[in-house]
Structure formats: structure tokens, C-alpha cells
Amino acid sequence: MTTARLPLKDQLFTREKVELIAGEIKHVDSAFKADEFVTMVVARFPELELKARIAWITTCLERHLPRNFRKAASALVRSLPAPADPALSDGDFGDFIYAPYAEYVAQRGCTAEDLEFSLAMLRAITTRFSAEFAIRPFLDASPDHVLTTLLAWTGDQHYHVRRLCSEGTRPRLPWARNLTLPYDVGIPILDRLFADPTRYVTRSVANHVNDVSKKNPELALDTLERWRNSGLQQPREMHYVIRHGARTLRRADHPRARDLVSSPLT
């Protein structure tokens, strides 16, 4: 007899996880009513799916944190555990229980007055759990400023921050709201990331190009070919980026995609 596996929502969001973050916040903000927060959050877990749990925890944070947004967001960031190990290259996605922190910043801090502060908060949070969903309202509200910031972040020392630059601007990011920006707005960002030394980043770059290929196959293939000819990425990793980035076109037996993938790299 096999034991039924717990649904993902019940693996990622548990009472123990909620108690963990409540204790961390209480540690930096003695006024935080940790027990009330935990009780409120877990009371609705049985009726909520995964994304709804993130939204509900975000609502509960708003009700229990200080009314002043900057004071509240600063407390959240101070309460976080250490960032993911920047020496790693893949496999450390972070803990979903911190997803509501970025959503809180997106809901409360997406204003002209708080833009720089909020972006700094998201940069800190994304080193613990990706802020790829939360950055998108900021891209829609202040595209020029946020794109300039993301271009600068492509040189960040932490690979989670570099990945955010690609993942947050993906045209068809799963589970995420659609951007109002043109589908190719992320190409200059990808130009700075395709030669990244970490698979966590290059996988996102390839997924991003694959998204673009569904709107404009020739642009996607031109981009991959340009990167290939630059010689800036290691041949084995460049082959991965090309193969993964052109996968939808390969499945459709697009002749140029087929030729690009099969061409040897030296």
C-alpha cells in the first residue's frame, strides 16, 4: 500500500513554516503579534490553493505589520535568514514561505515615492526567494527606470539577482501577470546574461528566448545565433542555451532552428 503524497501547497505552506516567519519577524519587531498572525493565517489554509495562500499570507502581513510601509518592509527584510549561497550555481530556489514578502512590497510600495526603496527591498528578498512576480507591477508602472535598474543588476554578484533580471521580464512567465511592455523588451538584458557562469541564470535566459520565439521566431533565432557567434559563452553551455531556447521551434521542425541546434560548437 502506497502512502498518498501531500499536495504541494501542504508541503510548502504549513503551520510550522508560518510559525517560523512569525518568530523571525517578532525577533526584529517586538510589537508584532506573532500568535495572532499564525492563527489568522492557518485558519484559512484548508480552503486555499497554493497561490491563494501566498495572497492570504500577504494580507495577514499587511494587517499585522506597522502601517508605515517603509518601516514594515524594512522589518521584513531584517527578519530574513541569510541569502542563498552565492557560491552555488544552481538548485537553490529558496523557500516559498518568503514569497508573500515580495508580494507585500509590490502591493504597498509600487508608487513613485517608494520606487527606489521598493526595488532595494525586492533585491534583498530575491536572494532568499525569487521576486520574479513582484517585479512585474513595477515594470508596468515605471518601465524606463526599472529596466535601467535591471540592466545594472545583470552585473550583481548574487546569481539570484541576475536571474531576476531575465525571469522578471519574461513575456510568458508561468503563473504571472502579463506585462504591458513589448515582448522583446528584455533582449538587452539577455545580451548581458547569456554568458553567465551559472545554470540557474542561463536556464532563465533560454526560457525567456523560448517565450520570444512564440511571438517572433526570427528574432529569437537571430539572438541565439548572435550569441553563438560571439564566443563569449562556453561551447557546452552555449549549446544548452540554444537547444533549450529554441525548443518550441525544434518541436515544430522549424528548419532554421533545427540547423542552428545541429551546428557544431567549438
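1. Quick notes on the pattern of salt bridges
Then step 1. As enumerated under the stated definition, the model contains 19 salt bridges in all.
Then step 2. Across the salt bridge formed by Arg-70 and Asp-114, the nearest N and O atoms sit 2.8 Å from each other. Highlighted residues: Arg-70 in helix α5 (residues 69-79) and Asp-114 in the loop between α6 (99-109) and α7 (115-126), separated in sequence by 44 residues.
Then step 3. Classification of Asp-114 by relative accessible area gives buried; the value is 13%.
Then step 4. Among the salt bridges present, the one from Asp-140 reaches Arg-177, with a minimum N-O distance of 3.1 Å. Placement of the pair is Asp-140 in helix α8 (residues 135-141) and Arg-177 in the loop between α10 (159-167) and α11 (187-191), with a sequence separation of 37 residues.
Then step 5. With a relative accessible area of 17%, Asp-140 lands in the buried category.
Then step 6. One salt-bridge network, in which partners are shared between bridges, spans Glu-132, Arg-163, Glu-167, Arg-170 and Asp-211.

2. Side note on the environment of Thr-169
Then step 1. Mapping Thr-169 onto the fold places it in the loop between α10 and α11.
Then step 2. Once the C-alpha coordinates of Thr-169 and Ala-34 are considered, the two residues, 135 residues apart in sequence, prove to be 35 Å apart.
Then step 3. Once residues within four sequence positions are removed from consideration, Thr-169 is found in contact with Arg-136, Leu-139, Leu-147, Leu-150, Leu-164, Leu-179, Gly-186, Ile-189 and His-208.
Then step 4. Here the side chain of Thr-169 touches Ser-166 through a polar contact of 3.1 Å, landing on its backbone oxygen.

3. A few points about the packing of aromatic side chains
Then step 1. Within the structure shown, the criterion is met by eight aromatic pairs.
Then step 2. Ring centres 6.4 Å apart and planes at 80° place the aromatic pair Phe-13 and Phe-96 in the edge-to-face group. With Phe-13 in the loop between α1 (8-12) and α2 (15-28) and Phe-96 in the loop between α5 and α6, this pair connects stretches of sequence that are 83 residues apart. You'll find Phe-13 and Phe-96 in the same group, each marked buried.

4. Structural notes on α5
Then step 1. Turning to α5, its buried residues number three or more, namely Phe-69, Ala-72, Ala-73, Ala-75, Leu-76, Val-77 and Ser-79.
Then step 2. In the core, the buried residues of α5 are packed alongside α2, α4 (50-64), α6 and α7.
Then step 3. Sitting at the head of α5, Asn-68 places a side-chain oxygen 3.2 Å from the backbone nitrogen of Arg-70.

5. A look at the packing of α7 against helix α9 (residues 143-153)
Then step 1. For the pair α7 and α9, the least separation of the axes is 12 Å and the interaxial angle reads 35°. Crossing of α7 against α9: the hand is right-handed. Together, Leu-115, Glu-116, Leu-119 and Arg-123 of α7 and His-145, Val-146, Thr-149 and Trp-153 of α9 make up the contact between the two elements.
Then step 2. Its residues placed into classes, the contact of α7 with α9 shows four nonpolar, two polar and two charged.

6. Comments concerning the nonpolar core
Then step 1. By size, the foremost hydrophobic cluster in this structure holds 84 residues, and its most contacted members are Phe-13, Phe-37, Ile-57, Tyr-101 and Trp-227.
Then step 2. If you tally residues by element for this core, the top one is α7, at seven residues.

7. Here's the deal with unusual backbone geometry
Then step 1. Backbone geometry places Trp-175, a non-glycine residue, at a positive phi of 75°.
Then step 2. Mapped onto the secondary structure, Trp-175 falls in the loop between α10 and α11.
Then step 3. In this structure, Asp-253 takes a positive phi of about 60° despite not being glycine.
Then step 4. By secondary structure assignment, the location of Asp-253 is in the loop between α15 (247-251) and α16 (255-262).

8. A few points about helix α13 (residues 217-230)
Then step 1. Taking 1.5 Å of rise per residue, 14 residues should cover 20 Å, and α13 covers 20 Å from first to last C-alpha, within 8% of that figure.
Then step 2. Elements in contact with the buried residues of α13: α11, α12 (199-213), α14 (235-245), α15 and α16.
Then step 3. Two residues or fewer after α13 comes Gly-231, characterised by a positive phi angle close to 70°.

About the thresholds
Residues numbered from 1 in each chain as written. Predicted model: local features only at pLDDT ≥ 70, side-chain atom pairs only at ≥ 80, totals over all residues. Heavy atoms only, no water. Salt bridge = Lys/Arg side-chain N within 4 Å of Asp/Glu carboxyl O. Helix = DSSP H or I, 4+ residues; strand = E, 2+ residues; numbered from the N terminus. Buried < 20%, exposed > 50% of the residue type's maximum accessible area, 1.4 Å probe, protein only. Contact = heavy atoms within 4.5 Å. Polar contact = N/O pair within 3.5 Å; in protein donor to acceptor, adjacent residues only side chain to side chain. Phe/Tyr/Trp six-rings, centres within 6.5 Å; stacked < 30°, edge-to-face > 60°. Axes fitted to C-alpha atoms, helices over the stretch in contact; angles between N-to-C directions. Left-handed = near helix turned anticlockwise from the far one by under 90°. Nonpolar A, V, L, I, M, F, W, Y, C, P; charged D, E, K, R; others polar. Core = buried A, V, L, I, M, F, W, Y, C linked by side-chain atoms within 4.5 Å. Expected span 1.5 Å × (residues − 1).

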